Amino acid sequence: MKILEKEIEFNFFDADIADKISEESKSLGKSMEKIGETLKPRNIVIRTTCNQIIKFFNNIVGEENTKEIFGNKTDWNLCFEALDNFFDAKEEAEKEQVKILNQRVKKYERYLK
């Protein structure tokens, strides 16, 4: 998968990874809601939001890959672009998974009846 033009080895088809994505996505969503509820100075909102997104990536793809993706930048637009890239890749993997499942069911349908 590509995140901010960096190629990252990743397997969306692994059940443990799928569980982790689900857990971390919920956690990120809750964090974002809390950030949105506060009226802090812009720099604090940017830094807090990016830190939560970076934490999400650390927990999903590991610290080394996260460092490769973001470097030392704490840029609001880059953080959200990376998140967009991740969820776009996830959606593509899910479509591919359905396609493969349908092909395999068709291939083995005589055995599955």
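As a starting point, this report considers the structure included with it. The model shown is predicted, which means the values in this text are computed figures rather than measured ones.

Some remarks on helix H3 (residues 63–70)
Inspection of H3 places Thr66, Ile69 and Phe70 among the buried residues, and these make up the whole buried set. The arc that holds every buried residue of H3, seen down its axis, measures 75°, which confines them to one face. On the buried face of H3, the contacting elements are strand E1 (2–3), strand E2 (6–7), helix H2 (42–61) and helix H4 (76–108).

Focus: the pattern of salt bridges
One side chain can pair with another of opposite charge once the charged atoms of both are near each other. The full count for this structure, using the stated rule, is 3 salt bridges. Its salt-bridge partner being Glu5, residue Lys2 comes within 4.0 Å of it at the nearest N-O pair. A salt bridge links Lys95 to Glu92; its shortest N-O distance comes to 3.7 Å. Here the residue Lys95 and the residue Glu92 both occupy positions in helix H4, the gap between them amounting to 3 residues, near one helical turn. For Lys95, a relative accessible area of 54% gives the class exposed.

Focus on the packing of H2 against H4
At their nearest, the axes of H2 and H4 sit 9 Å apart, and the two run at 35° to each other. Here the hand of the crossing between H2 and H4 comes out left-handed. On H4, the residues touching Val45, Ile46, Thr49, Cys50, Ile53, Phe56, Phe57 and Ile60 of H2 are Trp76, Cys79, Phe80, Ala82, Leu83, Phe86 and Phe87. The class makeup of the residues in the contact of H2 with H4 is 14 nonpolar, 1 polar and no charged.

Section: a negative patch on the surface
Taken together, the side chains of Glu81, Asp84, Asp88 and Glu91 define an acidic patch exposed on the protein surface. Relative to the helices and strands, Asp88 resides in helix H4.

Structural notes on the environment of Asn51
Note on placement: Asn51 falls in helix H2. Among the residues examined, Asn51 registers a relative accessible area of 40% and is labelled partly exposed. Along the chain, Asn51 and Lys2 lie 49 residues apart, while their C-alpha atoms are 20 Å from each other.

Considerations on the environment of Trp76
Within the secondary structure, Trp76 is located in helix H4. The class of Trp76 is partly exposed, set by a relative accessible area of 35%. Trp76 sits 43 residues away from Glu33 along the chain, and the two C-alpha atoms are 16 Å apart. Once residues lying within four places of it in the same chain are set aside, the contact partners of Trp76 are Val45, Ile46, Thr49 and Cys50.

Remarks on the nonpolar core
Within the largest apolar cluster, 23 residues are counted, with the highest numbers of intra-cluster contacts made by Met1, Ile3, Phe57, Ile69, Phe70 and Phe86. Those elements that provide at least two residues to this core are helix H1 (15–37), H2, H3 and H4. Setting aside its immediate chain neighbours within four residues, Phe86 contacts Met1, Ile3, Phe10, Phe12, Ile21, Phe56, Phe57 and Ile60.

Conventions we followed
- Residues numbered from 1 in each chain as written.
- Predicted model: local features only at pLDDT ≥ 70, side-chain atom pairs only at ≥ 80, totals over all residues.
- Heavy atoms only, no water.
- Buried < 20%, exposed > 50% of the residue type's maximum accessible area, 1.4 Å probe, protein only.
- Helix = DSSP H or I, 4+ residues; strand = E, 2+ residues; numbered from the N terminus.
- Arc of directions from axis to C-beta.
- Contact = heavy atoms within 4.5 Å.
- Salt bridge = Lys/Arg side-chain N within 4 Å of Asp/Glu carboxyl O.
- Axes fitted to C-alpha atoms, helices over the stretch in contact; angles between N-to-C directions.
- Left-handed = near helix turned anticlockwise from the far one by under 90°.
- Nonpolar A, V, L, I, M, F, W, Y, C, P; charged D, E, K, R; others polar.
- Patch = residues over 30% accessible without salt bridge, like charges linked within 9 Å, V, L, I, M, F, W, Y side chains within 5 Å.
- Areas by Shrake-Rupley, 256 points an atom, 1.4 Å probe, with all protein chains shown as cover.
- Lys, Arg positive; Asp, Glu negative; His and termini not counted.
- Charge placed at Lys NZ, Arg CZ, Asp CG, Glu CD.
- Core = buried A, V, L, I, M, F, W, Y, C linked by side-chain atoms within 4.5 Å.

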